Amino acid sequence: MAAHIEVFRGWADTIRQDIDAFKALLDSPHADAASRQLAAAALSYLVSRMDLIPDWNEGIGVLDDVMVLRVCAQLTQGCDRGALPTAAEVSLERMANEADKITAFVGGALYDKLRAYCARLIDRPVRGRGAAQLTSDAAARQALYGEVEDELRRTVPIVINDPEDAEVRLKAYLTHKLR
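Residues numbered from 1 in each chain as written. Predicted model: local features only at pLDDT ≥ 70, side-chain atom pairs only at ≥ 80, totals over all residues. Heavy atoms only, no water.

Engineer: Would you explain the side chain of Asp-65 in this entry?
Structural biologist: For Asp-65, the position within the fold is in helix α4 (residues 63–76). Although buried, Asp-65 forms no salt bridge, and the nearest oppositely charged side chain, Arg-49, lies 8.1 Å from it. Setting aside residues up to four positions removed in sequence, Asp-65 forms contacts with Tyr-45, Leu-46, Asp-51 and Asp-55. (Helix = DSSP H or I, 4+ residues; strand = E, 2+ residues; numbered from the N terminus. Buried < 20%, exposed > 50% of the residue type's maximum accessible area, 1.4 Å probe, protein only. Lys, Arg positive; Asp, Glu negative; His and termini not counted. Salt bridge = Lys/Arg side-chain N within 4 Å of Asp/Glu carboxyl O. Contact = heavy atoms within 4.5 Å.)

Engineer: Sorry if this is basic, but what is going on with unusual backbone geometry here?
Structural biologist: For residues other than glycine, phi is negative in most cases, and the peptide bonds are mostly trans. Unusually for a residue other than glycine, Arg-127 sits at a positive phi of about 55°. Looking at the element boundaries, Arg-127 is found in the loop between α6 (108–120) and α7 (131–136).

Engineer: How do you make sense of helix α5 (residues 86–106) when you look at a structure like this?
Structural biologist: Residue pairs spaced three or four apart in an α-helix point in one direction, given the helix's 3.6 residues per turn. Across its 21 residues, α5 extends 31 Å between first and last C-alpha, which sits within 8% of the 30 Å expected from 1.5 Å per residue. By the burial criterion, the buried members of α5 are Ala-88, Ser-91, Leu-92, Met-95, Ala-96, Glu-98, Ala-99, Ile-102, Phe-105 and Val-106. At the C-terminal side of α5, Gly-107 shows a positive phi close to 90°. (Expected span 1.5 Å × (residues − 1).)

Engineer: Sorry if this is basic, but what is going on with the nonpolar core here?
Structural biologist: Nonpolar side chains in soluble globular proteins tend to end up buried together. Grouped together as the largest cluster of nonpolar side chains are 62 residues, with contacts concentrated most on Phe-22, Ile-102, Leu-114, Cys-118 and Leu-170. Residues within four places of Ile-102 in sequence aside, it is in contact with Phe-8, Trp-11, Met-67, Arg-70, Val-71, Gly-107, Tyr-111 and Leu-114. (Core = buried A, V, L, I, M, F, W, Y, C linked by side-chain atoms within 4.5 Å.)

Engineer: Looking at this model, I keep getting lost on the pattern of salt bridges. Mind explaining?
Structural biologist: Note on pairing: side chains with opposite charge can pair once their charged atoms come close. Scanning the model with the defined rule gives 15 salt bridges in all. Note that Glu-149 and Arg-16 form a salt bridge whose closest N and O atoms lie 2.5 Å from each other. Placement of Glu-149 in helix α8 (residues 138–154) and of Arg-16 in helix α2 (residues 15–27) is noted, with a sequence separation of 133 residues between them. The exposure class of Arg-16 is partly exposed, given its relative accessible area of 38%. By sharing partners, the salt bridges in this structure join Asp-18, Arg-70, Arg-94 and Glu-98 into a single network.

If you want it as structure tokens, here you go:
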């Protein structure tokens with residue numbers, strides 16, 4: 001059972017590439033509005049104080065962030081991302097494929113709730129900025145990017161002493177918050 005937590009923890013190692021991919025998508029003038037708004041929502045989630053698992057929660061507080069990035073990447077597969085730099089496209093596809101591991105962990109029904117939650121993030125302003133505003137306002141995007149960088153600097157390494165307990169707590173948070 002604890003193998004899932006190791007996979008999720010490993011996703012934190014690529015968070016910089018993942019963020020850069022979403023920034024490229026959000027900045028792209030060739031991507032459609034839906035994919036750009038999903039990118040804005042995913043990045044905004046990283047700086048939101050009202051996420052599924054509080055960031056201060058020992059060991060698992062960042063795991064919902066990396067999960068949301070993957071689900072949002074999967075959601076953009078149904079959109080027109082336009083021509084993106086190869087590294088961004090590869091990262092988005094990798095994340096979208098990795099979202100299947102979340103399904104294997106939580107099951108199809110809870111994953112569907114997580115996917116619906118992520119799709120609704122475009123309607124949830126964070127720090128006074130909505131996804132639509134972020135697609136059209138370069139200054140708002142730059143402010144968000146600065147906040148994401150600040151968040152990355154504050155992020156501490158993920159330390160999980162009991163992976164089975166971490167998986168139980170992770171699944172419990174998601175089940176409770178995604179009712």
